[in-house]
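Fold and contact review
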Amino acid sequence: MVHSNHDYRRFLDPRVLARIGGLEMRARMIVEGFITGLHRSPFRGFSVEFSEHRKYSQGDDLRHLDWRVLGRTDKHYVKQYEQETNLQLMLVVDSSKSMTYRSSDQLLTKRDYAASIAAAIAYLALHQADAVGLIAFDAHIGRVVRATNNPAQWKTIIHELETAPPAPATNIRRALDEVAEKLTRRHVVIVISDLFEEPSEILAGLRHLRHRKHEPIVFHVMDPAELDFPFTQPTRFEGLEDGDRLLTQPRIIRERYLEEVQKFLELIRRGCLQNRTDYQLFSTADPLDKSLSGFLASRSAHMR
Amino acid sequence: MWSFVHPGIAAAAAGLVLIPIAIHLLSRRRYQQEPWAAMLFLHRAHRRTRHRTRIEQWLLLALRTAAMLLIALAVAQPLIGAKPTFGLGRQPRTERILIIDNSASMRAPCDDGRSAYDHARDAALKLAATFGPSDAISVITTAWPARVIMNNAPLDDGAIRRALADQPGTFAKNDLATALDRAREAAVRSELPADRRAAYLVTNLCRSDWLDNRAASSGESSTQLNARRLTEVSRLTILEIDPQSRDNAAIVGLTCTDRLVGCEWPIALAADVAAFTEHPLPAAQLEIRVDGRVVRTLPVAALAAGEVRRVPFTVSIEHPGSRVVSVRLLGPADALPYDDARYLSIDVARGMRVLAVDGRSVGSQGGDSFYFARALAPSNSGDAAHFQVQSVGEFELHAADLRTTAIVVLANVRSLPADQWKRLTRFVRDGGGLFVAAADQADPENYNRAARELLPAALVRIDERNPDAPDLPTLQIADASHPVLADFGAQPIGGLLTAKFSRAWRVEPAAEAHVLLRFTNGDTALVERSVGRGRVMLWTSSLNMAWNNLPARPDFVTLMLNIAGSLSARADAWRNVLVGESAVEPLRQAARGNEATLRTPDGRQFTLPIASDDGRLEVRVPGRGPDGSTDEPGVYELTVNASTAKLCVNVSPAVCDLRRWTREDLRASFGESIGWANAADPLAAITQRAAASAATLPLLIVLFAVLLIETFVALGFGHRRA
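What you are looking at is a predicted structure, and each value in this text was computed from that prediction instead of being measured.

Rules behind the numbers
- Residues numbered from 1 in each chain as written.
- Chains lettered and ligands numbered in written order.
- Predicted model: local features only at pLDDT ≥ 70, side-chain atom pairs only at ≥ 80, totals over all residues.
- Helix = DSSP H or I, 4+ residues; strand = E, 2+ residues; numbered from the N terminus.
- Buried ≥ 20, exposed ≤ 12 C-beta atoms within 10 Å, placed from the backbone.
- Contact = placed C-beta atoms within 7 Å.
- Expected span 1.5 Å × (residues − 1).
- Arc of directions from axis to C-beta.
- pLDDT = per-residue confidence, 0-100.
- Nonpolar A, V, L, I, M, F, W, Y, C, P; charged D, E, K, R; others polar.
- Pairing = 2+ DSSP bridges.
- Core = buried A, V, L, I, M, F, W, Y, C linked by C-beta atoms within 7 Å.
- Axes fitted to C-alpha atoms, helices over the stretch in contact; angles between N-to-C directions.
- Parallel < 35°, antiparallel > 145°, perpendicular 65-115°, else oblique.
- Left-handed = near helix turned anticlockwise from the far one by under 90°.

1. Description of unusual backbone geometry
- The residue after Trp144 of chain B, namely Pro145 of chain B, is reached through a cis peptide bond having omega -10°.
- Positionally, Pro145 of chain B belongs in the loop between strand 5 (136–141) and strand 6 (147–154).
- The backbone of Leu195 of chain A shows a phi angle near 55°, a positive value even though the residue is not glycine.
- A positive phi is found at Arg276 of chain A, a non-glycine position, where the angle reads about 55°.
- Mapping Arg276 of chain A onto the fold places it in the loop between helix 10 (250–274) and strand 10 (278–283).
- With 11 C-beta atoms packed within 10 Å, Arg276 of chain A lands in the exposed category.

2. Overview of the environment of Ser566 of chain B
Residues and elements named next belong to chain B.
- Position of Ser566 among the secondary structure elements: in helix 12 (residues 555–567).
- You can call Ser566 buried: it has 22 C-beta atoms within 10 Å.
- Sequence separation between Ser566 and Val536 is 30 residues; the distance between their C-alpha atoms is 9.9 Å.
- Sequence-distant contacts of Ser566, defined by excluding residues within four places in its chain, comprise Pro483 and Val484.

3. As for helix 8 (residues 222–233) of chain B
All names here are of chain B.
- Here helix 8 contains 12 residues, and its C-alpha end-to-end distance of 17 Å stays within 8% of the 16 Å for a straight helix at 1.5 Å per residue.
- Turning to helix 8, its buried residues are Thr223, Gln224, Asn226, Ala227, Leu230 and Thr231. One side of helix 8 holds all its buried residues, which, seen down the axis, span an arc of 165°.

4. Some remarks on the confidence of the model for chain A
All names here are of chain A.
- Summing up the model confidence of chain A, the mean pLDDT is 78 and the portion of residues at 70 or higher is 74%.
- Confidence drops under pLDDT 50 across residues 1–9; counting only partners more than four residues distant or on other chains, this segment forms 8 contacts.
- Here residues 39–51 is a poorly scored stretch, pLDDT under 50, and it has 25 contacts once near neighbours within four places are set aside; other chains count.

5. Topic: helix 7 (residues 172–182) of chain A
All names here are of chain A.
- Taken residue by residue, helix 7 has Ile172, Ala175, Leu176, Val179 and Ala180 as its buried positions. Axial view of helix 7: buried residues confined to an arc of 135°, hence all on one face.
- Buried-residue contacts for helix 7 involve strand 3 (88–94), strand 4 (131–137), strand 5 (141–148), strand 6 (188–193) and helix 8 (199–211).

6. Here we look at the interface of chain B and chain A
- Listed per partner, the contact involves 24 residues of chain B and 27 residues of chain A.
- Among the secondary structure elements, those contributing two or more residues to the side of chain B that touches chain A are strand 2 (32–36) and helix 3 (39–76) of chain B.
- For the side of chain B that touches chain A, the per-class residue count stands at 10 nonpolar, 9 polar and 5 charged.
- Bridge count between strand 8 (residues 235–239) of chain A and strand 2 of chain B: 5 bridges; the pairing is parallel. The residue of strand 2 of chain B that forms the bridge with Phe237 of chain A is Glu34 of chain B.

7. A word on the nonpolar core
- Counting 173 residues, the largest nonpolar core has Ile99, Val354 and Val409 of chain B as the members making the most contacts within it.
- Dropping the residues within four chain positions of it, Ile99 of chain B is found in contact with Ile140, Thr142, Ala179, Ala183, Ala199, Tyr200, Leu201 and Val202 of chain B.
- Counting 80 residues, the second largest nonpolar core, distinct from the first, contains Leu161, Val221, Val261 and Phe264 of chain A.

8. A short note on the packing of helix 6 (residues 176–189) of chain B against helix 8 of chain B
Residues and elements named next belong to chain B.
- With their axes 8 Å apart at the nearest point, helix 6 and helix 8 run at an angle of 15° to one another. Relative to helix 8, the element helix 6 lies roughly parallel. Handedness of the crossing formed by helix 6 with helix 8: left-handed. Contacts between helix 6 and helix 8 pair Leu176, Ala177, Leu180, Asp181, Ala183, Arg184, Ala187 and Val188 from the former with Ser222, Thr223, Asn226, Ala227, Arg229, Leu230 and Val233 from the latter.

9. Details of the packing of helix 10 of chain A against helix 3 of chain B
- Relative to each other, helix 10 of chain A and helix 3 of chain B sit at 150°, their axes nearing to 8 Å. With respect to each other, helix 10 of chain A and helix 3 of chain B are oriented roughly antiparallel. Between helix 10 of chain A and helix 3 of chain B lies a crossing of right-handed hand. Only Phe41, Leu42, Arg44, Ala45, His46, Arg48, Thr49, Thr53 and Glu56 of chain B of helix 3 of chain B make contact with helix 10 of chain A, whose side of the interface consists of Ile252, Ile253, Arg256, Tyr257, Glu260, Val261 and Phe264 of chain A.
- When the residues that make up the contact of helix 10 of chain A with helix 3 of chain B are grouped by side-chain class, the tally is 8 nonpolar, 3 polar and 5 charged.

10. Considering the pairing of strand 27 (residues 583–587) of chain B
Residues and elements named next belong to chain B.
- Burial runs high along strand 27: 4 of the 5 residues are buried.
- Note that strand 27 and strand 31 (residues 616–621) share 5 bridges and pair antiparallel. Paired with Leu587 across the strands is Leu617, a residue of strand 31.

Given below as structure tokens:
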């Protein structure tokens, strides 16, 4: 199937994907759209599916430059490998009730978005023969789907993502601690969550993972409304997890709210950086290939 | 210290301040619900903004409440210099003067069927209800005569209500000029400053009330002048009742045009029909009655708008006595029914007794009174003559019965004893007529003793000329308007001014005497003096042909009849009055010790006392009062000693014109010095006060400033005004 440059992006738009029923189909669409895009992107060389030469681009690792081609043709091509991987990938997905939030402008809840990311990454990773597992968590971790590169694993992950019940509370720190203790082998741990907890606690959990030789990657999922706080009318906000309520004038507190959010994001971002943890912030309005790009960038770094 | 033009509205509008508070409270109940995940940040933001939010909300609430309060104040129109009136304090004492128009024109019905006066009373009471408890109230009614029925009294709604209830609508004319003057006096008496004096005139603003009696010098009527003077010491606001002009037709006059009214000949009368309308008055009929019996009906052709037409007619009355001729206008209904009829009391005489005291040759043709007697009672008239002349000698006077005599004539009488002069003086004071013709026999010393009290002039000397001289004095009219001479016109053709006078007494008229005829040499020929109820005339020449040739002239008869008619003092002169005027009925001495009974047009009977004034008896029917007054148009019957006189009371023509003075007229005359309000909303009267506008303007400026601040504050706080 031939797609135009814009056609493949269509499959990565959350508003389009939201209309596609079933997480499995949605994940396939994400990955295929993403891969189609790679043909036209500088990231193409990172895919095991496309072990070929391509023109050197600025920023490519010189170790991958094909010196023989350079000698023969005096052209710079980057050499691609059929990757043989030993990557153990664990998707740690937040299944708390706060992830069920969806603002009125959006079609996907944070949970839907997170599940789509997780499914797409799993699909891609399994196609690269990486071992993929899944842990859904709330206040504790739930059932652990151990990482394996068995192609049937994807179905298991999809099922688990679709059926994990939303829990009324979250404790990321505890969940990460449990993950760190649970995983005995070294894993790339992709934490997909809205991270609504004290940054210090989150960062402590991530440090625990790092301490156990895992390589944590944080995909921070937030709704655009949580980032922009677009409300104007008097509103009673009702907490999704603890039933807490707050009646306020959004236009009065918006500025302070945004400051708090930015402060939180900055603490998380800086903490992740200090902890050498990849951090990616997602708005549920963002195209979903952003997550795959982030994943591949991390994987590439891991392979190095 | 503020009070309010609309204290009631102020109290109600004060509720406006609750609106922002209510909106604030309601807004706390009206919100949208949003399930929310990021409560962590929300709580932190809320904690940080909680105090600021509270301050902002309170500040905005205060500003919006202040704006509402200012709007309420502006609507209520505060008055600077007065304290609040709705329970927030006491109002400063203000001199309030209510001037209520209760003249007859206010009886005209309004569109709702109630009279303008009923509306005026309602408006006055409604207005009085807005007055402060410390105010002083004066209430003045304008019906003639204007009366002060409450004077600087403390405010008492009940008292005002009772006072107005005791003032029914009247049939009297408007005495607005006097009422305004009384109001000015009340204002000046007040020790309060001018800005705390307020006069309110509740009226239907008839044009005639304001424009009649204009002074030639200023062009202003007395009403306008007094209104202007009132505005100099007090605010004056007019509450206009029933502002539309209403067409009205009326009979504004009914007069007897004959000098002598008797059974012997038809009596000439005239009715004046007026169209006080903006449009032509269609043809109508005039119904004429004598003593209530219809005697004829006359057509009245259509009248132009504003036209007054005299309709002459005659009636014949067979029997002497006090009679009533009435006319009634039959035609389309108009605004005032009571002025469509008019009444005239006439005293129809027959055989009025004249006692001629002759100085000589009684009964002979050469007698001094011969021509006079023939002029009054032609020899062939017999008992049917209007005058019955009895000639007697001067020594027979003391035996004559003056009680039945209307006129005494002294024709060249030499002299009279003092007692007879006194008797004649009493006779005249009681209403009798005395005609004195002084000729050659008159003793000036005897006459002049009496002249001080009775005669209009003192005899000085006889001015004698040659009867054959060509330049003998003739007569010239000194007062052509006098009834004695009114028939002759400027150039009488009957010889009055061509008769020759060879001799005449030169006289010195008394100060109160009135010269009617003079000789061409300037000397007095006929002079008159009123004494008591009667009159005395002095003819300075002979009544026969001895000193002049006037008896040979046709005008002699007319002159003598007119003199006799003028001296006979018809009794009906006292019996025709306007509503509110006193009627005085002279009585003869025989009435002494009796009572008079008055029967009013509506059948009520009252007993009136007979008073004695310097020996003269009379009964007075008061103009205003609770019992037996002339406060109602119609025929009153006054009975004394089984003799009944009929009094006729009519409305003043001034009350018949319901055409209005407009607001533009008022403004053209007074500028803005007089406030104006519709009586349907009397409270608006107070809005005329300059003080109100003076207070309202800064209030509106403050309101604008508050709204501006609120806008900027709201924008600064990021509030979008709901």
